[in-house]
Amino acid sequence: MNKHMFFENAYFIIGTSYAGKSTMVKELAKKHSGIACEENYHDHFSGELDAKEFPCLSYTRDLKDWHDFIRRSPQEYKAWIDGAKKECEVLELRMLPEICNLGKKVFVDTNICVETLREIAPLNHTLVMLADPEIPLHRFFDRPDPEKQFLYKLIMEEPDPEKAMENYRQGLKLICSQESYDELHNSGFHVIYRDENRTIAQTVALAEKAFGL
């Protein structure tokens, strides 16, 4: 056993954007009277973060001009995302013991990396959900999420919106790479692929089978 706790009543979902992770966490928690740790549930600590320990997660909190956010190079954007994921893992591992001690099944849309998940939970307690990595490049701003629409507004305010949009899409391309997709695909965990013809109920059934619920 390593330094991490072993979470026997937690069920983790990792994967790509637009694969349905957030929906699955909510649906499973509802069906099994469990706890849903939805996307970015660690934001509960966002106002308390030490900028020295969590430079990536505190970046947006302390940002003076949000236009700087969308003006970063694709490489800078990817480095920030990668750093934020590592910092999120630290926060999640601090939060989960208390959540799991509540005596219910806990369903987690997580940033915890594959290597750590192998150490902290049974093999069949992690599910990978994958969608075509091209989807976010074309549909990122289609969702009505306030955050995405806020970013879209910032891009449209730039002197050259078309150039600003292409710069942002190149950042998304680096994040949603085929390499990242393949790493998740070959992780050894059970995989569910996005299927537009499958209902939410059918996907829940597949997730339950993967988790042995």
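Here the structure is shown first, and the text comes after it.
Residues numbered from 1 in each chain as written. Predicted model: local features only at pLDDT ≥ 70, side-chain atom pairs only at ≥ 80, totals over all residues. Heavy atoms only, no water.

## Notes on the sheet that holds strand β5 (residues 190-193)
Next, step 1: If you trace the 5 strands from one edge of the open sheet to the other, you get β2-β3-β1-β4-β5, paired in parallel fashion. Of all strands in the sheet, those with a lone pairing partner are β2 (35-37) and β5, marking the two edges. Recorded for the sheet is a direction-independent mean angle of 20° between the axes of neighbouring strands.
Next, step 2: One ladder, built from 4 bridges, connects strand β1 (residues 10-15) with strand β3 (residues 106-109); its direction is parallel. Within β3, the residue paired with Ala10 across the bridge is Val106.
Next, step 3: Here helix α1 (residues 21-31) sits on the sheet in contact with β1, β2, β3 and β4 (126-130), set at roughly 170° to β3.
Next, step 4: Across the sheet, helix α3 (residues 74-100) touches β1, β2 and β3, and the angle it forms with β3 is around 160°. (Pairing = 2+ DSSP bridges. Helix = DSSP H or I, 4+ residues; strand = E, 2+ residues; numbered from the N terminus. Axes fitted to C-alpha atoms, helices over the stretch in contact; angles between N-to-C directions. Contact = heavy atoms within 4.5 Å.)

## Some thoughts on the pattern of salt bridges
Next, step 1: Summed over all chains, the structure comprises 11 salt bridges.
Next, step 2: With a closest N to O distance of 2.5 Å, Arg94 and Glu53 form a salt bridge. Placement of the pair is Arg94 in helix α3 and Glu53 in the loop between β2 and α2 (67-71), with a sequence separation of 41 residues.
Next, step 3: Judged by its relative accessible area of 40%, Glu53 is partly exposed.
Next, step 4: Between Arg194 and Glu196 there is a salt bridge, with its nearest N and O atoms 2.8 Å apart. (Salt bridge = Lys/Arg side-chain N within 4 Å of Asp/Glu carboxyl O. Buried < 20%, exposed > 50% of the residue type's maximum accessible area, 1.4 Å probe, protein only.)

## Some thoughts on helix α6 (residues 146-156)
Next, step 1: For α6, the complete set of buried residues consists of Lys148, Leu151, Leu154 and Ile155. In an axial view of α6, the angular spread of the buried residues amounts to 120°, which keeps them on one side of the axis.
Next, step 2: In this structure, the buried residues of α6 make contact with α2 and α7 (161-175). (Arc of directions from axis to C-beta.)

## Some details on the packing of aromatic side chains
Next, step 1: The final tally for this structure, using the stated rule, is 14 aromatic pairs.
Next, step 2: By the ring-pair criterion, three or more aromatic residues cluster together here, those being Tyr59, Trp66, Phe69, Tyr77, Trp80, Phe140, Phe141, Phe150, Tyr152 and Tyr168.
Next, step 3: The side chain of Arg72 reaches across the aromatic face of Trp80, ending 4.6 Å from its centre.
Next, step 4: The aromatic ring of Phe140 is capped on one face by Lys148, whose charged end is 5.0 Å from the ring centroid. (Phe/Tyr/Trp six-rings, centres within 6.5 Å; stacked < 30°, edge-to-face > 60°. Lys NZ or Arg CZ within 6 Å of the ring centre and 35° of its normal.)

## Brief notes about the packing of α6 against α7
Two measures define how a pair of helices packs: the angle their axes make with one another and the distance between the axes.
Next, step 1: Put simply, α6 and α7 touch, their axes get as near as 8 Å, and they point 135° apart. Between α6 and α7, the interaxial angle falls into the category oblique. In this structure, α6 contributes Leu151, Tyr152, Ile155 and Met156 to the contact, and α7 contributes Pro161, Ala164, Met165 and Tyr168. (Parallel < 35°, antiparallel > 145°, perpendicular 65-115°, else oblique.)

## Concerning the packing of α3 against α7
Next, step 1: Orientation of α3 relative to α7, taken along the N-to-C sense of each, is 45°, at an axis distance of 8 Å. In terms of their interaxial angle, α3 and α7 are classed as oblique. In this structure, α3 meets α7 at a crossing whose hand is right-handed. Seen from α3, the contacting residues are Pro74, Gln75, Tyr77, Lys78 and Ile81; seen from α7, they are Asn167, Tyr168, Gln170, Gly171, Leu172, Leu174 and Ile175.
Next, step 2: Looking at side-chain class alone, the contact of α3 with α7 contains 7 nonpolar, 4 polar and 1 charged residues. (Left-handed = near helix turned anticlockwise from the far one by under 90°. Nonpolar A, V, L, I, M, F, W, Y, C, P; charged D, E, K, R; others polar.)

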